[in-house]
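Inside the fold
Spelled out, the chains give:
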Amino acid sequence: MVTLSRKFSTTAIPNPKLLQPQPQTTTTTTQFFIPFSQLQQRKLLESRLVSILDGCTHLTQIKQVHAHILRKGLDQCCYCLTKLIRMLTKLDVPVHSYPRIVFHQVKYPNPFLWTALIRGYATQGPFSESVVLYNRMRSEGTGPVSFTFSALFKACGAVFDVGLGRQIHAQTILIGGFASDLFVGNTMIDMYVKCGFLECARKVFDEMPMRDVVSWTELIVAYAKSGDMGSAWELFRGLPVKDMVAWTAMVTGYAQNGKPREALECFERMQDAGVKTDEVTLVGVISACALLGATKYDMYSKCGIVEDAYNIFEGMKERNVYSYSSMIVGFAMHGRAHAAMQLFHEMLKTEIRPNKVTFIGVLTACSHVGLVEQGQQLFETMENCFGVAPSADHYACMVDLLGRAGRLEEALELIETMPMEPHGGVWGALLGACRIHGNPDIAQIAANHLFELEPNGIGNYILLSNIYASARRWDDVSRLRKLMREKGLKKNPGCSWVESKEGVIHEFYAGDMTHPQYAEIKRALADLLDRLKAKGYQPNLGSVSYDISDDEKKLILMNHSEKLALAYGLLNTESTDAGCTIQIMKNLRICEDCHAFMCSASQVTGREIVVRDNMRFHHFRDGACSCDNFWYQLSTGQQNGMKQGRNILDTPLRVCLEQKDMDGEER
């Protein structure tokens with residue numbers, strides 16, 4: 001057996017006085033000395049050594065303390081050695097080397113020492129070794145503790161191995177004594193959530209005799225991520241004590257699921273309850289305000305008034321990298337590529353250096369108008385010239401840029417050569433590009449990765465289903481929808497908002513018949529449709545991903561929420577009004593048919609229409625989108641202008657439609 005050398009460096013050994021019992025003094029006139037027993041002295045020494053280990057930040061320090069442990073005859077002390085192994089793994093010392101040697105020198109390891117080594121393998125890998133150790137521990141007659149199971153559950157969640165997780169779950173039942181263990185229950189919930197088995201997580205939660213705020217919040221966040229805000233709200237209502245984390249989970253959940261009104265109402269209740277907010281809460285509130293498009297919140301670039309945002313920027317006496325980056329990103333959101341690039345170059349003439357957010361803005365601007373070469377040049381020089389190392393987010397921008405241009409194989413190759421693990425945003429950009437160009441094969445590759453990274457991300461399933469539907473692979477569509485049902489994933493219905501002259505937000509759902517002016521809205525929409533058809537508009541039936549009749553598809557398309565919102569806006573505003581632009585906010589991405597519809601409507605009515613979907617702004621004026629119809633051309637295969645290197649920066653642009661998943665609202 002390999003033994004651990006005791007020839008450690010003696011430099012900077014912990015002060016012996018800190019490791020020895022200190023005499024107690026008192027200010028009274030009479031002093032009494034009570035000698036410690038040998039056992040008491042040993043326990044005190046062990047506690048001090050553990051405390052010193054807890055403060056170690058380097059391997060050398062840990063080795064020095066280990067040397068003291070050996071000199072004091074504590075080489076079999078599981079208490080000290082458990083802490084030693086945990087600190088070694090915390091510093092990423094390979095488990096199979098130093099920690100394992102320490103473990104093997106102990107004749108009778110207790111459950112905590114076993115668990116320290118199991119946890120090390122569960123954290124560092126190989127995960128299979130932690131299972132082998134657990135089986136060996138059981139075969140040698142040592143029973144697990146709650147920390148043993150929590151380490152194994154965390155590892156199962158990290159590698160998405162629900163099969164093994166269920167076996168370990170069975171162990172907690174067979175061994176007994178862990179049904180009421182809060183820590184084990186919480187990590188079990190976390191494991192099932194990460195593996196995409198939300199119903200199993202809920203069952204564990206329901207059967208727990210004791211729960212804390214972590215138990216509740218884990219499930220609330222999981223439901224929010226899966227799009228099931230109804231279940232999230234049900235749980236939240238039952239939470240006895242609602243802290244900042246739980247409130248924030250609800251606010252951000254509503255905002256991220258396209259329910260900005262509910263997000264703001266929840267935030268107001270949070271404030272009424274006297275609960276403090278943090279940056280994460282405020283991000284959710286800002287997102288909700290941007291989705292509603294309510295201009296009273298003064299977030300101009302996110303509410304569709306980019307000119308006002310720029311006027312504020314121009315009036316700033318002092319500007320920094322954050323104000324520049326915010327304005328560049330604002331221009332990018334509106335497809336104002338020329339303005340974004342111009343402001344970027346103006347920034348470079350100052351002493352202000354761009355940061356990672358700045359480059360996300362300029363790369364996004366390039367992506368939305370097809371400036372592939374310019375984007376590639378920026379990406380290649382951002383580290384060498386500006387000291388900004390590309391992150392996974394920057395790679396996502398490049399994948400989006402290449403993917404939109406139809407260079408899907410090149411985009412996939414870029415992902416495969418990334419120096420870091422690609423996150424969901426990277427694979428999502430590739431999946432969205434596959435939807436634009438109708439490539440189900442590469443789409444399947446991207447989706448497989450997304451299903452692992454985001455098992456509850458319903459948008460990924462819907463997007464792949466749409467791609468299969470476009471390719472008329474109906475069996476694959478049915479398979480995916482069945483999988484979504486089995487996972488309990490629910491899609492939010494399409495919803496759009498429009499603000500009246502009085503500042504009131506009116507909300508419309510797909511096929512909504514509850515609005516007080518519904519009859520007038522339907523008549524106005526039918527009249528508008530007749531006028532558009534006279535100008536050549538025809539519904540884009542490819543926007544409906546169901547194998548149904550053409551008449552049924554037309555009916556579905558005419559009930560999309562943004563069309564209802566547009567009809568309301570036309571009914572309740574006049575072209576002579578000061579604010580004659582109709583602004584519509586939508587919780588999903590706009591489909592191809594609605595894009596064409598809005599283009600034609602802007603020409604027929606003589607009104608400017610701004611549609612803000614859940615990613616970007618779409619400005620329509622005089623029969624065209626201000627992106628020069630770049631997105632629509634891509635979705636219908638008309639890409640000649642981009643392929644021939646047309647200088648799109650010469651066009652007066654405001655926005656290019658983000659088409660990352662392009663799901664309509666008929667599902």
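Residues numbered from 1 in each chain as written. Predicted model: local features only at pLDDT ≥ 70, side-chain atom pairs only at ≥ 80, totals over all residues. Heavy atoms only, no water.

Another point: the overall build of the protein chain. Check the secondary structure of the protein chain and you find 33 helices and six strands. Split into buried and exposed, the 667 residues of the protein chain put 52% on the buried side. Look at the contacts in the protein chain between residues 6 or more apart in sequence, and 68% of them connect residues 24 or more apart. When the accessible surface of the protein chain is totalled, it reaches about 31,100 Å², and 52% of it is carbon and sulfur. (Helix = DSSP H or I, 4+ residues; strand = E, 2+ residues; numbered from the N terminus. Buried < 20%, exposed > 50% of the residue type's maximum accessible area, 1.4 Å probe, protein only. Contact = heavy atoms within 4.5 Å. Areas by Shrake-Rupley, 256 points an atom, 1.4 Å probe, with all protein chains shown as cover.)

Here the focus is the packing of aromatic side chains. By the definition in use, this model includes 13 aromatic pairs. Aromatic side chains Phe344 and Phe386 sit 6.3 Å apart centroid to centroid with 65° between the ring planes, which places their arrangement in the edge-to-face category. Separated by 42 residues along the polypeptide, Phe344 in helix H19 (residues 337-348) and Phe386 in helix H21 (residues 372-386) bring together distant segments of the chain. Through a chain of ring-to-ring contacts, three or more aromatic side chains come together here, namely Trp233, Phe236 and Trp247. The ring of Phe197 carries Arg166 above its face, with NZ or CZ at 4.9 Å from the centroid. In this structure, Arg211 packs its charged tip against the face of Phe205, placed 4.2 Å from the ring centre. (Phe/Tyr/Trp six-rings, centres within 6.5 Å; stacked < 30°, edge-to-face > 60°. Lys NZ or Arg CZ within 6 Å of the ring centre and 35° of its normal.)

Viewed as axis vectors pointing N to C, helix H10 (residues 182-194) and helix H12 (residues 213-225) meet at an angle of 5°, and their least axial separation amounts to 10 Å. When the axis of H10 is compared with that of H12, the two are roughly parallel. Facing Leu182, Asn186, Ile189, Asp190 and Val193 of H10, the residues of H12 in contact are Val214, Ser215, Glu218, Leu219 and Ala222. Across the contact of H10 with H12, the residue classes tally to six nonpolar, two polar and two charged. (Axes fitted to C-alpha atoms, helices over the stretch in contact; angles between N-to-C directions. Parallel < 35°, antiparallel > 145°, perpendicular 65-115°, else oblique. Nonpolar A, V, L, I, M, F, W, Y, C, P; charged D, E, K, R; others polar.)

A grouping of Phe112, Phe147 and Phe183 is seen on the molecular surface, where their side chains present a nonpolar patch of about 290 Å² in accessible area. Considering the arrangement of structural elements, one finds Phe183 in helix H10. (Patch = residues over 30% accessible without salt bridge, like charges linked within 9 Å, V, L, I, M, F, W, Y side chains within 5 Å. Salt bridge = Lys/Arg side-chain N within 4 Å of Asp/Glu carboxyl O.)

Attention now goes to the UniProt feature "repeat: PPR" (unreviewed entry) in the protein chain. UniProt marks residues 110-144, 181-215, 243-277 and 320-354 with the feature "repeat: PPR" (unreviewed entry), using the numbering shown here. Between the end C-alpha atoms of residues 110-144 there is a gap of 9 Å, over a span that is 77% helix and 0% strand. Annotation note: span residues 181-215, helix share 74%, strand share 0%, distance between end C-alpha atoms 12 Å. (UniProt positions renumbered as here; feature names shortened; annotations may be inferred.)

Right, let's talk about the environment of Leu489 for a bit. Looking at where Leu489 falls in the secondary structure, it is placed in the loop between helix H27 (474-487) and strand S1 (495-499). Separated by 31 residues in sequence, Leu489 and Ile458 place their C-alpha atoms 6.2 Å apart. Those residues in contact with Leu489 that sit more than four places away from it in its chain are Ser226, Pro455, Asn456, Ile458, Tyr461 and Met484.

Within the largest apolar cluster, 80 residues are counted, with the highest numbers of intra-cluster contacts made by Leu53, Ile69, Ile189, Leu219 and Met250. In this structure Ile69 touches Leu49, Leu53, Leu74, Asp75, Cys80 and Leu81, once residues within four positions along its chain are discounted. In this structure, Met347, Phe379, Phe386 and Cys397 belong to the second largest nonpolar core, which totals 68 residues. (Core = buried A, V, L, I, M, F, W, Y, C linked by side-chain atoms within 4.5 Å.)

Here the focus is the sheet that holds strand S5 (residues 617-621). Strand order in the open sheet made by the six strands is S2-S1-S3-S4-S5-S6, with mixed pairing throughout. A single partner strand is all that each edge strand has here, and the edge strands are strand S2 (505-509) and strand S6 (624-625). Summarising the sheet, S1 and S2 pair through five bridges and their orientation is antiparallel. Residue pairing across strands places Val498 opposite His506, the latter belonging to S2. Packing of helix H30 (residues 561-572) onto the sheet brings it into contact with S1, S2, strand S3 (582-586) and strand S4 (609-612), and relative to S3 it is tilted by some 155°. (Pairing = 2+ DSSP bridges.)

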